[in-house]
Amino acid sequence: MYKSVFEQATDGMILFDGKRFIDCNDAILKMLMYDSKEDLLGMGPADISPEFQADGRCSSEKSDEMIAKTLKDGSNTFEWIHMRANGENVWVEVSITKIIQNDEIIFLAVWRDIAEKKALEEELKIIQESENQKLNERVELALLGNNDGVWDWNIITNEVYYSPRWKEMLGYENDELPSDFSSWKNNLHPDEVQNNFEYIEEHMESKNAYFELTHRLKHKNGTWVWILARGKKILDEDGNVLRMIGTHTDISAQKKVEQELRDSKQYFKAIYDGSLDAIAILDEESHFLEVNPAYIKMTGMSEEKLLSTSCIALSAPEDVERSIAIINEVMSVGYVKNYEKRCNFTNNNPIDVSMSLSLLQNPIRILISVSDVTQKKIDEKKMLEHKEILHHQAHHDALTSLPNRVLFNDRLEQAIEKAKRNSSKIAVFFIDLDHFKEINDSLGHNIGDEVLKAVSTRLKEVIREEDTLARLGGDEFTVLLEGIKNIQDASLIAGKILETLSQVIHIDFHDLYVSSSIGISVYPDDGKSSQNLLKFADSAMYKAKDEGRNNFQFYSAEMTELAFERVVMEASLRVALKNEEFIVYYQPQMNAKTNKLIGMEALVRWNHPNMGIVSPAKFIPLAESTGLIIDLDRHVMKTAMTQCAQWYKKGFNPGVLAMNLSVKQLAKEECVEVFKNLMQITGCKPEWIELEVTEGQVMKNPEEAIKVLAKISDLGVNLAVDDFGTGYSSLAYLKRLPIDKLKIDQAFIRDLPDDEEDAGITKAVIALAKSLDLRIIAEGVETKEQKDFLVLNGCENIQGYYYSKPIPANEFEILLENGDKI
């Protein structure tokens, strides 16, 4: 147990006779950057210290004084500056304990690196002196490499990569050992071959990702090198082990020390009692078996009280379950490092602690080392708060708290990069308030500031949550719209901004009216740099002022015309809904083996009084972006369900009626009730109906979609995922959806059977449907070759021009009268 404390301690530990060092652990070598104990042993404290300490006193004289004080009091704790092997100075906290053995006096010194603490104190001091100045960037200490060898074992090919350091530990040059498994296997100690191979086999079958193994490997000179092997296994999607990768650490020196100190229990008892960290030993049930003085001091509890309780019982209520999980992890893995939690002690004052836990064997015990990090947490929180305040002040407008020019430009740069990757569009608005100077001149800047705050509030209410609104200065605002599908989307937002800003603003008994002029530039149509997009939007804003103010203009005249065209189209859509200009067409769905009708999909068409039949591609996106899609969907459903019920009443068998359900309708709370009412009004039975939702729409808010779709499914209505494969979906969510069918998108059907990629995707979707026990149908089938490929690969149900294009109800009824075959 004491050996484990000495070797695993995070603090540096050293034994010396008052003048020279006689033993040390690895932690102190890493702290002082020495390669081996031989480089350090034989020297004294003054040999590894600068000439003078921080208080100006000579290091050698002050060292003698500290040793004298330890001789007198038995122990002593103080701060000290030591010098690393490379000449760097490092702050440490030193705790010295006097040990009497065989009538001789030796000293145990425990060193803790407090460089971070010193740096933190200095940083907090700087913050307190001037909160309005930017924090100096902290210079982080570079972590030295631990000089481990690296290996990477490919289980499939049995090839192994060994780093040069790995081979060097065994005395070989980089090209002297082959890159295969035998280089490790053939050098194993004969007594450890069987145990090692059994351990590796058990680990590969276990659920643990990480492993740790100690063994011996043969050096080129014939000696044996003790190795600590750590590794992790890499799995494929099916849980099979593909690779194992890890490190080898030469622990021969550690093993030598273990052998030398195995019988020196008195040394380790001194280490245990003299540690600055609170250390305790727990049994398998996490009850205290032993605690050191530092643990008693930290808790404020008596040793008797501690030994009658458990480590879990000292956890704060919110950390109890997590503490139990950590204990279980230690029992499984063997160790947990730097685990932080809150503890409640006798004074009922919770503190934050950092714990490291290790599993001891024969008998099974848990060794815990605990440090109080309460003050560190408080200091870190203060620093974070200060940084957040300074960051906010540097990137936001002081009057409106909106992003300023710096933050807006940064977000615009990020939006451009994202748009490049996604091949999407973004729009930049430059908004200038009309005649705002007159308000400032006549009513004063205080009233003007209130107007600017009111304007910023109204603008935030108009734009989407993901959009960025910024104030550049004065009465100039900018808006960044990301992910717009077409240019006309920007015109809708611009129209709403003009409308909201034209309404009266009440400030201090004044009724004020503020209009605006808006310039719009679009990426990538107008420019591809943030500088040009902002400049072009500014130019378009002046064009809006020239057009009489209180309007918006695109940088391109053509875009302005398209925007107004969209406004006209939206008005026409509203009139069309009112005048019932939308009609429903029906496209047959067939069993390709029997050529029998199994159902139909209801598809909307716009019978415009002047333009005739208008394709859905021209008005569906506009209906979705304006919210008119909800009324349009319900009109189509009511029409199609009424027609379907009439056909069944006449004795026909049209099969299942498939209808699209938009995500906007799905998001409405009354969605299920509306659908139930439609079934009651039309007389259409649930078993005759199938609702289609697109993959992309469901994944926008999968949890809510699952709840609503489950309620619809409970009505007895079938559900299908439309356009499957074109969007992103999680198989975990797909498994939870209460769906009955997948619909392969026509994008994968178009180039069948010649396109290998489309063929592979189609086969995969068919296999996925079968594995999930779902029915499947393909849309967009136009040729016999496409039909034959689908049938051959297990998809019998198809829809497309191969059988029939969408047709009006009267033509579909003729098809039903002629039988159920096409």
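Keep in mind that this is a model prediction, so the values were computed, not measured.

What about the overall build of the protein chain?
Stage number 1. Across its full length, the protein chain holds 31 helices and 32 strands.
Stage number 2. Taken over the C-alpha trace, the protein chain has a radius of gyration of 38 Å; the compact-globule value for 822 residues is 28 Å, which it surpasses by more than 25%.
Stage number 3. Reported as C-alpha extents along the three principal axes, the dimensions of the protein chain are approximately 115 × 80 × 60 Å.
Stage number 4. Evaluated residue by residue, the protein chain yields a buried proportion of 46% over its 822 residues.

Structural notes on the pattern of salt bridges
Stage number 1. A complete count under the given rule lists 35 salt bridges for this structure.
Stage number 2. Between glutamate 192 and arginine 216 there is a salt bridge, and its shortest N-O distance comes to 2.9 Å. Taken together, the residues span a long stretch of sequence, with glutamate 192 in the loop between α7 (182–185) and α8 (193–205) and arginine 216 in strand β8 (residues 210–218) at a distance of 24 residues.
Stage number 3. With relative accessibility at 12%, the residue glutamate 192 sits in the buried group.
Stage number 4. As a salt-bridge pair, glutamate 813 and lysine 650 come within 2.9 Å of each other at their nearest N and O atoms. Note that glutamate 813 is positioned in helix α31 (residues 809–817) and lysine 650 in the loop between α22 (629–649) and β26 (656–660), a separation of 163 residues in sequence.
Stage number 5. Through salt bridges with shared partners, one network takes in Asp432, Asp434, Lys545 and Arg549.

Structural notes on unusual backbone geometry
Stage number 1. Here tyrosine 523 and proline 524 are connected by a cis peptide whose omega angle stands at 0°.
Stage number 2. Looking at the secondary structure, you find proline 524 in the loop between β21 (516–523) and α19 (530–546).
Stage number 3. A cis amide bond links leucine 752 with the next residue in sequence, proline 753, at an omega value of -5°.
Stage number 4. Within the secondary structure, proline 753 is located in the loop between α28 (746–749) and α29 (756–771).
Stage number 5. Residue asparagine 550 is not a glycine yet carries a positive backbone phi of 55°.
Stage number 6. One can find asparagine 550 in the loop between α19 and β22 (552–554).

A short note on α19
For the α-helix, the turn length of 3.6 residues means that residues three or four positions removed from each other point alike.
Stage number 1. For α19, spanning 17 residues, the distance from its first C-alpha to its last is 25 Å, which sits close to the expected 24 Å at 1.5 Å a residue.
Stage number 2. Taken as a whole, α19 has its buried residues at Ser530, Leu533, Leu534, Phe536, Ala537, Ala540, Met541, Ala544 and Lys545.

Some points on helix α14 (residues 374–395)
Stage number 1. Along its 22 residues, α14 runs 32 Å from first to last C-alpha, staying within 8% of the 32 Å computed at 1.5 Å per residue.
Stage number 2. Residues of α14 that are buried include every one of Thr374, Asp379, Met383, Leu390 and His395, and no others.

Here we look at the nonpolar core
Stage number 1. Judged by nonpolar contacts, the single largest core of 78 residues is most densely connected at Tyr586, Met641, Met659, Leu691 and Leu742.
Stage number 2. At ten residues, α22 tops the list of elements feeding residues into this core.
Stage number 3. Counting 35 residues, the second-largest nonpolar core is a separate cluster that includes Ile431, Phe436, Ile439 and Leu469.

A few points about the sheet that holds strand β14 (residues 351–360)
Stage number 1. On the basis of which strands lie adjacent, the open sheet formed by five strands has the order β12-β11-β15-β14-β13 and antiparallel pairing. Strand pairing shows two members of the sheet lacking a second neighbour, β12 (288–291) and β13 (335–343), which therefore form its edges. If you compare each strand with its neighbour and ignore which way they point, the axes differ by 25° on average.
Stage number 2. Two strands pair when backbone bridges link them, and strand β11 (residues 278–282) and β12 are joined in this way by three bridges, in the antiparallel orientation. Bridge pairing in β12 places leucine 282 opposite phenylalanine 288.

Some thoughts on the packing of helix α16 (residues 436–443) against helix α17 (residues 445–462)
Stage number 1. With their axes 7 Å apart at the nearest point, α16 and α17 run at an angle of 140° to one another. Contact residues: Phe436, Ile439, Asn440 and Leu443 in α16; His445, Ile447, Gly448, Val451 and Leu452 in α17.

A short note on the sheet that holds β21
Stage number 1. Strand order in the open sheet made by the five strands is β17-β18-β16-β21-β22, with mixed pairing throughout. Strands with a single pairing partner mark the edges of an open sheet, and in this sheet they are β17 (468–473) and β22. Direction aside, neighbouring strands of the sheet carry axes that sit 20° apart on average.
Stage number 2. Pairing geometry for strand β16 (residues 425–433) and strand β18 (residues 476–484), over seven bridges, is antiparallel. Within the sheet, the bridge partner assigned to isoleucine 431 lies in β18 and is phenylalanine 477.
Stage number 3. Across the sheet, helix α15 (residues 405–422) touches β16, β17, β18 and β21, and the angle it forms with β18 is around 20°.
Stage number 4. The sheet strands contacting helix α18 (residues 487–501) are β16, β18, β21 and β22, and the helix crosses β21 at an angle near 165°.

As for the state of the cysteines
Stage number 1. For the coordinates displayed, the defined rule picks out zero disulfides.
Stage number 2. Cysteine 343 supplies the cysteine sulfur nearest to cysteine 311, a cysteine that is in no disulfide, at a spacing of 6.5 Å.
Stage number 3. No disulfide involves cysteine 684; its sulfur sits 4.3 Å from the nearest other cysteine sulfur, which is in cysteine 644.

Looking at the side chain of threonine 374
Stage number 1. Checked against the element boundaries, threonine 374 lands in helix α14.
Stage number 2. Residue threonine 374 is classed as buried on the basis of its relative accessible area, which comes to 18%.
Stage number 3. Only 2.7 Å separates the side chain of threonine 374 from the side chain of aspartate 372, close enough to count as a polar contact.
Stage number 4. With residues up to four places along the chain from it excluded, the contact list for threonine 374 reads Ile351 and Asp352.

Examining the confidence of the model for the protein chain
Stage number 1. Looking at the protein chain, the pLDDT average stands at 84 and 91% of residues meet or exceed 70.
Stage number 2. When pLDDT is averaged over each element of the protein chain, strand β31 (residues 797–799) comes out on top at 94 and helix α10 (residues 265–274) at the bottom at 66.
Stage number 3. Counting interchain partners and residues more than four positions distant, the pLDDT-below-50 stretch residues 132–145 has 15 contacts.

Topic: the environment of arginine 216
Stage number 1. Once the C-alpha coordinates of arginine 216 and alanine 494 are considered, the two residues, 278 residues apart in sequence, prove to be 74 Å apart.
Stage number 2. Once you skip the residues sitting within four places of it in the chain, arginine 216 turns out to touch Asn187, Leu188, His189, Glu192, Trp224, Val225 and Trp226.

Re the pairing of β14
Along a regular strand, successive side chains alternate from one face of the sheet to the other.
Stage number 1. Counting buried residues along β14, nine of its ten residues qualify, which places the element largely inside the surrounding structure.
Stage number 2. As paired strands, β13 and β14 are joined by seven bridges and run antiparallel to one another. Looking at the pairing, valine 336 lines up with leucine 357 of β14.
Stage number 3. With eight bridges connecting them, β14 and strand β15 (residues 365–372) associate as antiparallel partners. Bridge assignment links serine 358 to a residue of β15, and that residue is leucine 367.
Stage number 4. The turn linking β14 back onto β15 is made up of four residues, and asparagine 362 within it adopts a positive phi angle of 50°.

Regarding the side chain of asparagine 591
Stage number 1. Among the structural elements, asparagine 591 can be located in strand β23 (residues 582–591).
Stage number 2. Exposure remark for asparagine 591: the relative accessible area of 14% places this residue in the buried category.
Stage number 3. Within the structure, the side chain of asparagine 591 is placed 2.9 Å from the backbone nitrogen of lysine 593, a separation counted as a polar contact.
Stage number 4. Ignoring sequence-local partners within four residues, the contact set of asparagine 591 consists of Lys596, Ile598, Glu796, Asn797 and Tyr803.

Rules used throughout
- Residues numbered from 1 in each chain as written.
- Predicted model: local features only at pLDDT ≥ 70, side-chain atom pairs only at ≥ 80, totals over all residues.
- Heavy atoms only, no water.
- Helix = DSSP H or I, 4+ residues; strand = E, 2+ residues; numbered from the N terminus.
- Rg over C-alpha atoms; globule rule 2.2 N^0.38 Å.
- Buried < 20%, exposed > 50% of the residue type's maximum accessible area, 1.4 Å probe, protein only.
- Salt bridge = Lys/Arg side-chain N within 4 Å of Asp/Glu carboxyl O.
- Expected span 1.5 Å × (residues − 1).
- Core = buried A, V, L, I, M, F, W, Y, C linked by side-chain atoms within 4.5 Å.
- Pairing = 2+ DSSP bridges.
- Axes fitted to C-alpha atoms, helices over the stretch in contact; angles between N-to-C directions.
- Contact = heavy atoms within 4.5 Å.
- Disulfide = S-S within 2.5 Å.
- Polar contact = N/O pair within 3.5 Å; in protein donor to acceptor, adjacent residues only side chain to side chain.
- pLDDT = per-residue confidence, 0-100.

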